Amino acid sequence: MKTNSSILKALTSMFILASSAELALHAQATLPYQGVVGRTLSESKEWWPEPVKAPAGAPNVVWILLDDVGFGAAGTFGGLIQTPTFDSLASNGLRYTNFHTTAICAPTRSALLTGRNSASVHVSGFSHTVLSAGFPGWDGRIPSSAGTIAEILRDNGYNTFAVGKYGVTPDEDATDAGPFDRWPTGKGFDRFFGFLGSQTDQYKPDLVEDQVHVHPDGRHLSDQITDKTISYIDRQKKAAPDKPFFLYYAPGATHAPHQVDKYWSDQYKGKFDTGWDVYREEVFERQKKLGIIPADAKLPDRNPDIKAWDQLSVDERKLYARFMEVYAGYLTYTDYEVGRLINHLKEIKQLDNTLVFVMIGDNGASKEGTLNGDIDRSFCAKNLTEEELISYNLNKIGEIGSSSATEGNYPLGWAQAANTPFKFWKEDANSEGGTRNPLIVFYPKVIKDKGGIRTQYSHVIDILPTTLDLVGIKAPEQIRGIEQQAIEGTSLAYSIDDAKAPSRHTLQYYYIYGSRSIYHDGWKAELAYPNSFVTGNAQSKHAFDENAWELYNLNEDYTERIDLAKKYPEKLAELKTLFEDQAKAHHLYPYITWDDVLNRRIHRTKDSKPFCDAVKDVTKSGEGQ
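Quick summary incoming for the structure in this document. Along each chain, residues carry numbers from 1 onward, in the same order as the chain's sequence is written. At least 70 in pLDDT is required for a residue's local features to be given in this predicted model, at least 80 for side-chain atom pairs to be given and counted, and no such filter applies to totals for whole chains, interfaces and linings, which use all residues. The side-chain values count all of the structure's non-hydrogen atoms but skip hydrogen atoms and water molecules.

**Looking at the overall build of the chain**
Numbering goes from the N terminus for both helices and strands, where a helix is a DSSP run of H or I of at least four residues and a strand is a run of E of at least two. Of regular secondary structure, the chain possesses 17 helices and 18 strands. With respect to the principal axes defined by its C-alpha atoms, the chain has extents near 90 × 65 × 50 Å. Only protein chains enter the calculation, and the probe is 1.4 Å; a residue is then buried if its accessible area is under 20% of its type maximum, exposed if over 50%, and partly exposed in between. Counting the 625 residues in the chain, one finds 57% classified as buried. Only heavy atoms enter the contact rule, under which two residues are in contact if any of them lie within 4.5 Å. When contacts within the chain are restricted to residue pairs at least 6 apart in sequence, those whose partners lie at least 24 apart make up 77%.

**Description of the sheet that holds strand β16 (residues 515-520)**
Reading across the sheet, the four strands line up as β15-β16-β17-β18 and stay open at both edges, with antiparallel pairing between neighbours. Edge strands, defined here as strands with exactly one partner in the open sheet, are β15 (507-512) and β18 (550-553). When strand polarity is set aside, the average angle formed by the axes of neighbouring strands in this sheet is 15 degrees. Two strands form a pair only when DSSP identifies at least two bridges running between them. Bridging between strand β17 (residues 523-527) and β18 involves four bridges; their strand directions are antiparallel. Within β18, the position partnered with A525 by the bridge is L551. Lying on the sheet, helix α15 (residues 569-585) is in contact with β15, β16, β17 and β18; it crosses β16 at an angle near 110 degrees. Working convention: axes come from line fits to C-alpha atoms, limited for helices to the stretch in contact. Angles between N-to-C directions cover 0 to 180 degrees.

**A short note on helix α5 (residues 221-239)**
Here a helix's expected span is defined as the number of its residues, less one, multiplied by 1.5 Å. An ideal rise of 1.5 Å per residue puts 27 Å on 19 residues; α5 measures up with 27 Å between its terminal C-alpha atoms. Looking only at α5, the buried set comprises L221, S222, Q224, I225, T226, T229, I230, Y232, I233, Q236 and K237. Taken together, the buried residues of α5 touch β1 (60-65), β4 (159-165), β5 (191-195), β6 (208-209), β8 (245-250) and α8 (314-347).

**Remarks on the side chain of S431**
Topologically, S431 is positioned in the loop between α10 (412-418) and α11 (432-435). Apart from residues lying up to four places away in sequence, S431 is in contact with K423, F424, K524 and E560.

**Topic: unusual backbone geometry**
Omega for the bond connecting A256 with P257 falls within 30 degrees of zero, at 0 degrees, which places this linkage in the cis form. Residue T420 is joined to P421 through a cis peptide bond whose omega torsion reads 15 degrees. Examined against the element boundaries, P421 turns out to sit in the loop between α10 and α11. A positive phi angle, close to 75 degrees, is found at D305, a residue other than glycine. The topology assignment puts D305 in the loop between α7 (275-290) and α8. Judged by relative accessible area, which is 36%, D305 ranks as partly exposed. One non-glycine residue, D521, adopts positive backbone phi at about 50 degrees. Take D521: it is sitting in the loop between β16 and β17. By relative accessible area, D521 is classed as partly exposed at 45%.

**Quick notes on the sheet that holds strand β7 (residues 212-213)**
Judged by pairing direction, the sheet is mixed, and its ten strands sit side by side in the order β7-β6-β5-β4-β8-β1-β9-β10-β2-β11 without closing on themselves. Two strands lie at the open edges of the sheet, namely β7 and β11 (452-454), each paired on one side alone. Two strands pair when backbone bridges link them, and β1 and strand β9 (residues 354-359) are joined in this way by six bridges, in the parallel orientation. When the bridges of β9 are listed, N60 appears paired with T354.

**Things to note about the packing of aromatic side chains**
Side-chain rings of Phe, Tyr and Trp (the six-membered ring for Trp) are treated as a pair once their centres are within 6.5 Å; stacked means planes under 30 degrees apart, edge-to-face means over 60, and tilted covers the remaining angles. Inspection of the entire model under this criterion finds 35 aromatic pairs. Ring geometry for F71 and F422: centres 5.3 Å apart, planes at 75 degrees, overall edge-to-face. Note that F71 is positioned in the loop between β1 and α2 (84-91) and F422 in the loop between α10 and α11, a separation of 351 residues in sequence. Per residue, the accessibility class of F71 equals that of F422, and both read buried.

**A closer look at the environment of N343**
In this structure, N343 sits in helix α8. Among the residues examined, N343 registers a relative accessible area of 41% and is labelled partly exposed. With 258 residues separating them in the primary sequence, N343 and T85 have C-alpha atoms 9.4 Å apart.

**Remarks on the pattern of salt bridges**
Note on definitions: salt bridges are taken to be side-chain nitrogens of Lys or Arg within 4 Å of carboxyl oxygens of Asp or Glu. Taken as a whole and judged by the stated rule, the model has 31 salt bridges. Across the pair E386 and K307 runs a salt bridge, and its minimum N-O distance is 3.7 Å. Of this pair, E386 sits in helix α9 (residues 386-395) while K307 sits in the loop between α7 and α8; the two residues are 79 residues apart in sequence, bridging distant segments of the chain. Counted as one network, the salt bridges with shared partners bring together D217, R219, D223, D227, E337 and R340.

**Regarding the packing of α5 against α8**
Between α5 and α8, the least distance of the axes is 10 Å, while the angle of their chain directions is 10 degrees. Judged by the angle between their axes, α5 and α8 are roughly parallel. Note on packing geometry: the crossing formed by α5 with α8 is right-handed. Only Y333, E337, R340, L341, H344 and L345 of α8 make contact with α5, whose side of the interface consists of S222, D223, T226, D227, T229, I230, I233 and D234. We call Asp, Glu, Lys and Arg charged. Ala, Val, Leu, Ile, Met, Phe, Trp, Tyr, Cys and Pro are nonpolar, and the rest, Gly among them, are polar. Its residues assigned to classes, the contact of α5 with α8 shows five nonpolar, four polar and five charged. If an angle is under 35 degrees, it is roughly parallel; if it is over 145, roughly antiparallel; if it lies from 65 to 115, roughly perpendicular; otherwise it is oblique. Each crossing gets its handedness from the near helix: less than a right angle anticlockwise from the far helix is left-handed, clockwise is right-handed.

**Concerning the nonpolar core**
In plain words, nonpolar cores are sets of buried Ala, Val, Leu, Ile, Met, Phe, Trp, Tyr and Cys residues tied together by side-chain atoms within 4.5 Å. W63 and Y248 are the most contacted members of the largest nonpolar core, which has 95 residues in total. Not counting residues within four places of it along the chain, the set of residues in contact with Y248 comprises W63, L65, R109, L112, L113, F161, A162, V163, K165 and F189. Formed by 75 residues, the second largest nonpolar core is a distinct cluster that contains I233, I306, Y320 and W414.

Dropping the structure here:
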């Protein structure tokens, strides 16, 4: 019986392998057969397609995408948080100061990976059940017609690796039963090590390797993904030294939970005791001196409901300063882990032929810590008064940053500070504080203006076409037999040697669950959407007014201080019409809002979970694995 069972298993394995091989050959058979098949071998002529190779001298490509950082956090862009690795890359590369994301993580990641607007690839919201809807722009399922950068480079002779946060696999598919076509390995990546969701415990991550969940080893996730990255690169270079690789390095940092060893956070003890108002002023002046922002820029007033630091109690200041020390330590630690990767590339003599993009955040700094900060309370925890919440957090102040801080996130005042010089924060698609992020481009053998600053308007969809331009690969019309949607981004290659070149990306829409804006040639129309669930601040409880559009001339008003809607109603009407045109063109309709999400008006089935249970799929740890 045992023998029969073994034979059955062996036959089953052989069948699976044979089927897999047949599927793989079918998937790769993009050329018609060019040999001769006669009745006998003597009447036949063999033919083997030439192996696909990358262009001669093609560089390795590394995309580094951080999470929830903010424009004014990293020292490289004027912030007060030390980021020596980013400093080095920027001083030997270029800093792009007018680069934009979508204002929230999954739409940014889908747009980045595909070079198309998020609604065009079905990710106006998320791939999570609770945050997706059954419409072409909203179902969270990136179609095969929108091939990723990994698919394009893999089919052009690259090895492809992804580590860290992925964030665009549907919840329904994210188990060990699959299906796996929307996992990273189904979207062009040879290897993957990280987590599929939006947020996870950094010490107990919901960890995946390739196509199976694995047990975390107790170390910080950033440490683990860097080690895994180095092993992927070394194995590949040992087997094929001349073959280039593409790496998508996307740590969970600095998304909640803010968890980091005290070695890093204690380096900032006392550094933020002067508070968020002083931080904003200092960073604003540093940004001017560095040339990051215009010399005539004006610092906006504090966002509504953010108290002046000197109006806080002694206990509040003590508590809030510690939250920021941990955040700062987390960002510096992340810079250190990136430094390990960069130093390894230098040691193995690959750095000089590596094209590196560093996106310091996939949106603005996070407002999810609410007014008073969070340590371990979930979105749906019992509401406490402000006094009760401050007391709760003070009693746990020693746990901030630790493995116990399973929801750790700083208060809103620090989120605005981290977004200096802009207003508002993550999720606000109407605001530069939600959509403006630092970008560094490093490519030693091409960039001559080392340390240069570029101010051309750009968006996350531009990174893919820029990469293809610099590598020397054309966007394919088909990927493995599937017709491809047009790339919607604009290559930034034109700006590398010309700091004064006019922007070529001149039109861009933004929309996140009700908040929206449209940018066109320096003008911007925008409409905010209240969301009291996430922020908890009083201003967010105002009723939504679809006619409350604002209008700004960013060429003259860099930080969106002067609303021109009443002065130029014709311009506002023109931009509003343009927004509707873009919404139709990119399948953004219907406009789904945070109220629709919270009231479970979308993705309802007989098995739908209550909202608070469904949210756990967005933020789960790996404790159940």
